[in-house]
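What follows is the residue order along each chain.
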Amino acid sequence: QVQFVESGGALVQPGGSLRLSCVVSGITFNFHRFGWYRQFPGQQRELIADIKKNGVTNYPASVKGRFAISRDDATNTAYVYLQMNNLKPEDTAVYYCNFVDFLGAWGQGTQVTVSS
């Protein structure tokens with residue numbers, strides 16, 4: 001069974017940076033497209049970054065130029081990262097990683113709080 005374990009969230013001041021990590025275990029094939037999602041209180045999760053096996057990435061306008069997704073693939077495991085720079089209070093949310101073309105079971109997420 002595929003599992004997603006996110007980490008790296010913290011309280012950070014506006015303009016600061018964070019690097020989130022996600023360990024994806026139990027995968028049979030590593031050709032999947034991975035994504036980082038975030039969820040604001042009372043709202044559904046939204047996709048904010050995705051990366052294909054070949055390294056091609058995609059971002060919505062809200063984070064483009066500030067966030068960068070990357071991945072390292074190993075046997076039955078993948079590591080997915082999200083480098084977040086120039087953080088803003090509106091980036092405060094719980095962040096998750098998952099597949100993009102189909103969804104696996106959600107992990108516990110990691111809380112990012114941007115506040116002075």
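Starting from 1, residues in each chain are numbered consecutively following that chain's sequence as written. Per-residue local features are limited, in this predicted model, to residues with pLDDT of at least 70; the limit for side-chain atom pairs, both in listing and counting, is 80 or more; totals at the level of whole chains, interfaces and linings are taken over all residues. Note that water and hydrogens are dropped before the side-chain values are worked out from all heavy atoms of the structure.

**Brief notes about the pattern of salt bridges**
Right, so step 1: What counts as a salt bridge is simple: a side-chain nitrogen of Lys or Arg found within 4 Å of a carboxyl oxygen of Asp or Glu. Within the structure shown, the criterion is met by seven salt bridges.
Right, so step 2: The salt bridge involving D101 is made with R33; its shortest N-O contact spans 2.7 Å. One end of the pair, D101, is in the loop between β9 (93–99) and β10 (110–114); the other, R33, is in the loop between β3 (18–25) and β4 (34–39), and 68 residues separate them in sequence.
Right, so step 3: Residue classification places D101 among the exposed positions, given a relative accessible area of 54%.
Right, so step 4: A salt bridge links R66 to D91; the nearest nitrogen and oxygen atoms lie 2.7 Å apart. One end of the pair, R66, is in the loop between β6 (57–58) and β7 (67–74); the other, D91, is in the loop between β8 (77–84) and β9, with 25 residues separating them in the sequence.
Right, so step 5: Residues participating in the shared-partner salt-bridge network are R38, E46, R66 and D91. In this text, helices come from DSSP runs of H or I with a minimum length of four residues, and strands from runs of E with a minimum of two, each type numbered from the N-terminal end. Think of it in three bands: with a 1.4 Å probe and only protein chains considered, a residue is buried below 20% of the maximum accessible area for its type, exposed above 50%, and partly exposed in between.

**Quick look at the environment of S7**
Right, so step 1: Take S7: it is sitting in strand β1 (residues 3–7).
Right, so step 2: Not counting residues within four places of it along the chain, the set of residues in contact with S7 comprises R19, L20, S21 and T110. In this analysis, two residues are considered to be in contact whenever any of their non-hydrogen atoms come within 4.5 Å of each other.

**So, the side chain of R66**
Right, so step 1: By relative accessible area, which is 9% here, R66 ends up buried.
Right, so step 2: N or O atoms within 3.5 Å of each other form a polar contact, as long as, within protein, one can give a hydrogen and the other can take it, and as long as residues adjacent in sequence are counted only when both atoms are side-chain atoms. Separated by 2.9 Å, the side chain of R66 and the backbone oxygen of S62 make a polar contact.
Right, so step 3: Here R66 is in contact with Q83, M84, N85, N86, L87, K88 and D91, once residues within four sequence places are set aside.

**Some thoughts on the sheet that holds β8**
Right, so step 1: Ordered by their spatial adjacency, four strands build an open sheet running β1-β3-β8-β7, and the pairing between neighbours is antiparallel. The open sheet has two edge strands, β1 and β7, and neither has a second partner. Each strand of the sheet is rotated relative to its neighbour by a mean of 15 degrees, with strand direction disregarded.
Right, so step 2: Any two strands with at least two DSSP bridges between them are considered paired. Of the strand pairs in this sheet, β7 and β8 are connected by eight bridges, and their pairing is antiparallel. The partner of A68 across the bridge, within β8, is Q83. What counts as an axis is a line fitted to C-alpha atoms, over the stretch in contact for a helix, and the angles between N-to-C directions run from 0 to 180 degrees.

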